[in-house]
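Tertiary structure, described
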Amino acid sequence: MATSARDNLIAWLRDAHAMEEQAETMLNAQFERLENYPDLKARIGKHIDETKQQASLLKGCLDRLGEGNSAFKDAAGKLTAMAQGMGGVFASDEVVKGSLASYTFEHMEIASYRILIATAEHVGDEETATVCRRILDEELAMAKWLEENIGAVTLQFLTRDESDVAAKR
C-alpha cells in the first residue's frame with residue numbers, strides 16, 4: 001500500500017525522536033562511567049544537552065503537524081540503549097567500544113536528518129526542514145569531533161591499559 005510523503009515524514013520524525021531518546025540514554029550511560037578521559041567526557045556532556053534539545057525540537061515538529069511521538073518507539077529505543085550501556089560495564093575497553101558505537105550512531109543520525117530534510121522540503125514543510133538542518137549541523141559537529149579525537153582516545157586507553165599490565169607484573 002502506498003504511503004503519502006507527509007505520512008512518511010511523520011513516521012520518520014517519530015523514528016528520529018525515538019533515535020534521540022535512545023541516544024540520550026546511551027550517552028548518559030557512557031558519561032556516567034567515563035573517568036580518565038576529561039575531553040571526551042566534556043564533549044559527551046555537551047552532546048547530551050544538544051540531544052535533549054533535539055528531541056524537544058522533533059516533538060515540537062510532530063505537535064505542529066498534529067501528531068505525537070511514538071511512546072512505543074521511544075521506549076524501545078531507551079531499552080536498546082540501556083542494554084548497550086549495561087554491556088559496556090563488563091568491557092575493559094569500554095571507552096574504545098563506546099567511541100566506535102558513538103561514531104557509528106552519529107552517522108546514522110546524519111543520514112536520518114538528511115532524509116528528513118529532503119522529505120520536509122518535498123512536502124513544503126520548511127519549518128521542519130529548518131529544525132532538521134539545525135540538528136544535522138550538531139550531529140555533523142559531533143561526528144567531526146569524534147573523527148578528530150578517536151585516535152587520541154584510543155592511544156590514551158592503550159597507554160592506561162599498558163600501565164595497568166605493567167603494574168600487575
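Residues numbered from 1 in each chain as written. Predicted model: local features only at pLDDT ≥ 70, side-chain atom pairs only at ≥ 80, totals over all residues. Heavy atoms only, no water.

**Here's the deal with the overall build of the protein**
Helices and strands together make up the secondary structure of the protein, namely five helices and zero strands. Listing the helices and strands of the protein from first to last along the sequence gives α-α-α-α-α. The buried share of the protein, taken over its 169 residues, is 41%. Look at the contacts in the protein between residues 6 or more apart in sequence, and 82% of them connect residues 24 or more apart. Looking at the protein as shown, the accessible area adds up to about 9,100 Å², and 57% of this sits on carbon and sulfur atoms. (Helix = DSSP H or I, 4+ residues; strand = E, 2+ residues; numbered from the N terminus. Buried < 20%, exposed > 50% of the residue type's maximum accessible area, 1.4 Å probe, protein only. Contact = heavy atoms within 4.5 Å. Areas by Shrake-Rupley, 256 points an atom, 1.4 Å probe, with all protein chains shown as cover.)

**Focus on the packing of aromatic side chains**
Counted by the stated rule, this structure contains zero aromatic pairs. The lysine or arginine in question, Lys41, covers the ring of Phe31, its NZ or CZ lying 4.6 Å from the ring centre. (Phe/Tyr/Trp six-rings, centres within 6.5 Å; stacked < 30°, edge-to-face > 60°. Lys NZ or Arg CZ within 6 Å of the ring centre and 35° of its normal.)

**Topic: the packing of helix 2 (residues 38-64) against helix 4 (residues 94-123)**
It is at 14 Å that the axes of helix 2 and helix 4 come closest, and there the two elements cross at 30 degrees. Here helix 4 runs roughly parallel to helix 2, going by the angle between their axes. Relative to helix 4, helix 2 is oriented so that their crossing is left-handed. In this structure, helix 2 contributes Leu40, His47 and Leu58 to the contact, and helix 4 contributes Val95, Ser99, Glu106, Glu109 and Tyr113. In terms of residue class, the contact of helix 2 with helix 4 is made up of four nonpolar, two polar and two charged. (Axes fitted to C-alpha atoms, helices over the stretch in contact; angles between N-to-C directions. Parallel < 35°, antiparallel > 145°, perpendicular 65-115°, else oblique. Left-handed = near helix turned anticlockwise from the far one by under 90°. Nonpolar A, V, L, I, M, F, W, Y, C, P; charged D, E, K, R; others polar.)

**Overview of helix 4**
Along its 30 residues, helix 4 runs 42 Å from first to last C-alpha, staying within 8% of the 44 Å computed at 1.5 Å per residue. Looking one or two places after helix 4, you find Gly124, whose phi comes out positive at around 80 degrees. (Expected span 1.5 Å × (residues − 1).)

**Notes on the environment of Ser56**
For Ser56, the position within the fold is in helix 2. Ser56 sits in the partly exposed class, given a relative accessible area of 44%. Separated by 36 residues in sequence, Ser56 and Glu20 have C-alpha atoms that sit 9.4 Å apart.

**Concerning the pattern of salt bridges**
Applying the stated criterion to the full structure yields twelve salt bridges. Residues Arg14 and Glu67 are paired through a salt bridge, measuring 3.0 Å at the closest nitrogen-oxygen approach. One end of the pair, Arg14, is in helix 1 (residues 5-33); the other, Glu67, is in the loop between helix 2 and helix 3 (71-89), with 53 residues separating them in the sequence. Under the relative-accessibility criterion, Arg14 is labelled partly exposed at 24%. What you see here is one network of salt bridges that share partners, running through Arg6, Arg14 and Glu67. (Salt bridge = Lys/Arg side-chain N within 4 Å of Asp/Glu carboxyl O.)

**Brief notes about the nonpolar core**
When a protein is soluble and globular, its nonpolar side chains tend to lie buried together. Within the largest apolar cluster, 24 residues are counted, with the highest numbers of intra-cluster contacts made by Leu13, Tyr113 and Leu116. When neighbours within four sequence positions are excluded, Leu13 is seen to be in contact with Leu58, Cys61, Leu62, Leu65, Leu116, Thr128 and Cys132. Residues Leu27, Tyr37, Ile44 and Val153 belong to the second largest nonpolar core, which totals twelve residues. (Core = buried A, V, L, I, M, F, W, Y, C linked by side-chain atoms within 4.5 Å.)

**Observations concerning the packing of helix 1 against helix 4**
Relative to each other, helix 1 and helix 4 sit at 160 degrees, their axes nearing to 10 Å. In this view, helix 1 runs roughly antiparallel relative to helix 4, as classed from their interaxial angle. The handedness of the crossing between helix 1 and helix 4 is left-handed. In the contact of helix 1 with helix 4, the residues fall into 15 nonpolar, eight polar and five charged.

**Describing the confidence of the model for the protein**
Summary statistics for the protein give a mean pLDDT of 87 and a share of 82% for residues scoring 70 or more. Within the protein, helix 3 has the poorest average pLDDT of any element, 46, and helix 2 the best, 97. Low pLDDT, under 50, characterises residues 81-90; the stretch is placed with eleven contacts to residues that sit more than four places away or in other chains. (pLDDT = per-residue confidence, 0-100.)

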